[in-house]
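Residue-level listing of the chains:
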Amino acid sequence: MNRKVYIPAMILMVVAMGSAQVASHAPTGGLQPHPSSFGPPTDIPVARVNGVVLTNRDLLREEYTIFPYARQHNGSVPQEMEPQIRQGAIQMIIFEELVHQEATRRKLTVPLAKLQSAEADFRQQFSTPEEYQQLLQEEFHGSRQLLREKIRRSLLIDELLKTEVENKSLVSLAEARAYYQKNIARFQYPESFAFQTISVMPPENVTPDRLKEMRKRADDALRQAQATKDYEGFGLLAEKMSDDDYRVMMGDHRTVPRDKLAPQVVQALLALQDGQITGLIRVDQAYTIVRLNRHILAGTYQFADVKDQIRKELKDKKTNQLRAALDKRLRQNAKIETL
């Protein structure tokens, strides 16, 4: 199989209409395409935007951007997802072309130094000069000028989106604080416990002798657990002796709200100080030993703790709204055909 290299996505812009997210693609140079549900890259027209033809080659790149895991699974995608992925990719490349045409209409330009720097960055994404030359030949018929035009196109799209979306979607600290104060209930958290466990599970075929053996194992685990000195010591013992799935995480359950725990576990934990260990707790037919790492009382996150999260969420919301408005505006007088 001849090795093909898809255009590294540095030179392409994506507008994911389904998730309403604008982003530069991550580099994809050096990957080998496989037989795919998407089909091979061709120059067959798939859409026309104000007379500009978009091809299956453009569409394929976008499909792999939406579902990059296809490259890791012999190019295959779940059959039920294929129509949705294709439709999303069509919308992406149409939006991208509309944005490029708007940037051209506004006479936006790319400084030569910026273009040269982008081309140099593009070349550095390849492992060898031969790999770069292969892409240049297969995708651009050996023409560096065609490659530069593709890079210029991407930079123009980026510039217009920065002006119309990114710069307008910034969220001030004051906006974030106002949102926090208005939605304070959202930032409250319940009483919870951070803890580790060692569990001895019942055998599949329960017999009196097996139950005795199970209790013996549980007593032995408790004796060793009580001899541990810290989080790590208990965790290493959990890895060695516990039967529950948390053993692979040193028995750590992280933080669990009080109302998600069995009553007998809550009762045992309430009697402990941080760092102490329970006796054997019977939960259903299992024996569990719990180490309390931290008892967290119900409370409210301080603004300083959540301000970055709030600003990001509000920025994403603004970005979605601005992008949707831009898409609607650009489509109003455009002639768009899907082929």
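For the structure itself, consult the block above.
Residues numbered from 1 in each chain as written. Predicted model: local features only at pLDDT ≥ 70, side-chain atom pairs only at ≥ 80, totals over all residues. Heavy atoms only, no water.

### Considerations on the overall build of the protein chain
Helix and strand counts for the protein chain come out as 10 helices and 11 strands. Split into buried and exposed, the 339 residues of the protein chain put 40% on the buried side. (Helix = DSSP H or I, 4+ residues; strand = E, 2+ residues; numbered from the N terminus. Buried < 20%, exposed > 50% of the residue type's maximum accessible area, 1.4 Å probe, protein only.)

### Structural notes on the nonpolar core
Ranked by size, the top nonpolar core spans 33 residues in total, and within it Ile94, Val99, Phe122, Leu147, Ile151, Leu161 and Leu326 carry the most contacts. Mapped by element, the contributors of at least two residues to this core are β3 (45-49), α2 (82-105), α3 (112-124), α4 (129-140), α5 (144-166) and α10 (303-332). Core analysis: the next-biggest nonpolar cluster, separate from the first, contains 12 residues, Phe195, Val256, Val265 and Ile281 among them. (Core = buried A, V, L, I, M, F, W, Y, C linked by side-chain atoms within 4.5 Å.)

### Re the sheet that holds strand β8 (residues 281-283)
Taking strand neighbours across the sheet as the criterion, the 4 strands line up as β7-β6-β9-β8 in an open arrangement whose pairing is antiparallel. The open sheet has two free edges, formed respectively by β7 (252-257) and β8, since each of these has just one partner strand. Across the sheet, the mean angle separating the axes of adjacent strands is 45° when strand polarity is ignored. Taken together, the 9 bridges between strand β6 (residues 192-200) and strand β9 (residues 286-296) define a ladder with antiparallel strand orientation. Directly across from Thr197, in β9, lies its bridge partner Val290. (Pairing = 2+ DSSP bridges. Axes fitted to C-alpha atoms, helices over the stretch in contact; angles between N-to-C directions.)

### Looking at unusual backbone geometry
In this model, Lys107 sits at a positive phi of 60°, which is unusual for a non-glycine residue. The residue Lys107 is located in the loop between α2 and α3 in this model. By relative accessible area, Lys107 is classed as exposed at 68%. The phi dihedral of Asp284 falls on the positive side, at around 55°, and the residue is not glycine. Along the chain, Asp284 turns up in the loop between β8 and β9. Its relative accessible area of 72% is what places Asp284 among the exposed residues.

### A short note on the sheet that holds strand β11 (residues 336-338)
One open sheet holds the 3 strands; their spatial order is β4-β3-β11, and the pairing between them is antiparallel. In this open sheet, the two edge strands, each paired with only one partner strand, are β4 (52-55) and β11. Averaged over neighbouring strand pairs, the angle between their axes works out to 20° when direction is ignored. Across the sheet, α2 is in contact with β3, β4 and β11; its angle to β3 comes to roughly 35°. (Contact = heavy atoms within 4.5 Å.)

### Section: the pairing of β4
As a general feature of sheets, a regular strand has side chains that alternate between the two faces. Strand direction decides the pairing type here: β3 and β4, joined by 4 bridges, are antiparallel. Residue Val49 lies in a different strand from β4, and its bridge partner there is Val52. A loop of 2 residues connects β3 with β4, the two strands running antiparallel in sequence, and Asn50 in this loop sits at a positive phi of about 50°.

### Observations concerning the layout of surface pockets
Within this model, the largest pocket holds a volume of roughly 450 Å³. Broken down by secondary-structure element, the contributors of at least two residues to the lining of the largest pocket are β4, α1 (56-66), α2, α4 and α5. (1 Å grid on protein atoms, 1.4 Å probe; cavity = no way out; pocket = protein on both sides within 12 Å on 5 of 7 lines; lining within 4 Å. Points joined across faces, edges and corners; volume = space filled by probe spheres on them.)

### Things to note about the side chain of Arg153
Its place among the elements puts Arg153 in helix α5. Judged by its relative accessible area of 13%, Arg153 falls in the buried class. Looking at Arg153, its side chain comes within polar contact range of the side chain of Glu97, at 2.7 Å. Setting aside its immediate chain neighbours within four residues, Arg153 contacts Glu96, Glu97 and His100. (Polar contact = N/O pair within 3.5 Å; in protein donor to acceptor, adjacent residues only side chain to side chain.)

### Some details on the pairing of β3
Examined bridge by bridge, β3 and β11 share 3 bridges and lie antiparallel to one another. Looking across to β11, one finds that Ala47 is bridged to Thr338.

### With respect to the packing of aromatic side chains
Enumeration according to the criterion identifies 7 aromatic pairs in this entry. Between Phe122 and Phe126, the ring centres sit 5.3 Å apart and the planes meet at 80°, which makes this aromatic pair edge-to-face. A ring pair is formed by Phe126 and Tyr132, whose centres lie 5.6 Å apart and whose planes are at 70°; its orientation type is edge-to-face. Both residues of the pair, Phe126 and Tyr132, count as buried. Ring pairs connect the aromatic residues Tyr179, Tyr180, Phe187 and Phe303, which therefore count as one cluster. Over the ring of Tyr287 we find Arg282, and its NZ or CZ is 4.8 Å from the ring centre. (Phe/Tyr/Trp six-rings, centres within 6.5 Å; stacked < 30°, edge-to-face > 60°. Lys NZ or Arg CZ within 6 Å of the ring centre and 35° of its normal.)

### So, the side chain of Thr228
You can see Thr228 is positioned in the loop between α7 (208-227) and α8 (231-241). Looking at Thr228, the relative accessible area reads 19%, which means it is buried. Within polar-contact distance, the side chain of Thr228 engages the backbone oxygen of Ala225 at 2.6 Å. Setting aside its immediate chain neighbours within four residues, Thr228 contacts Gly233, Phe234, Leu237 and Ile277.

The values reported here are purely geometric and, on their own, carry no functional implication.
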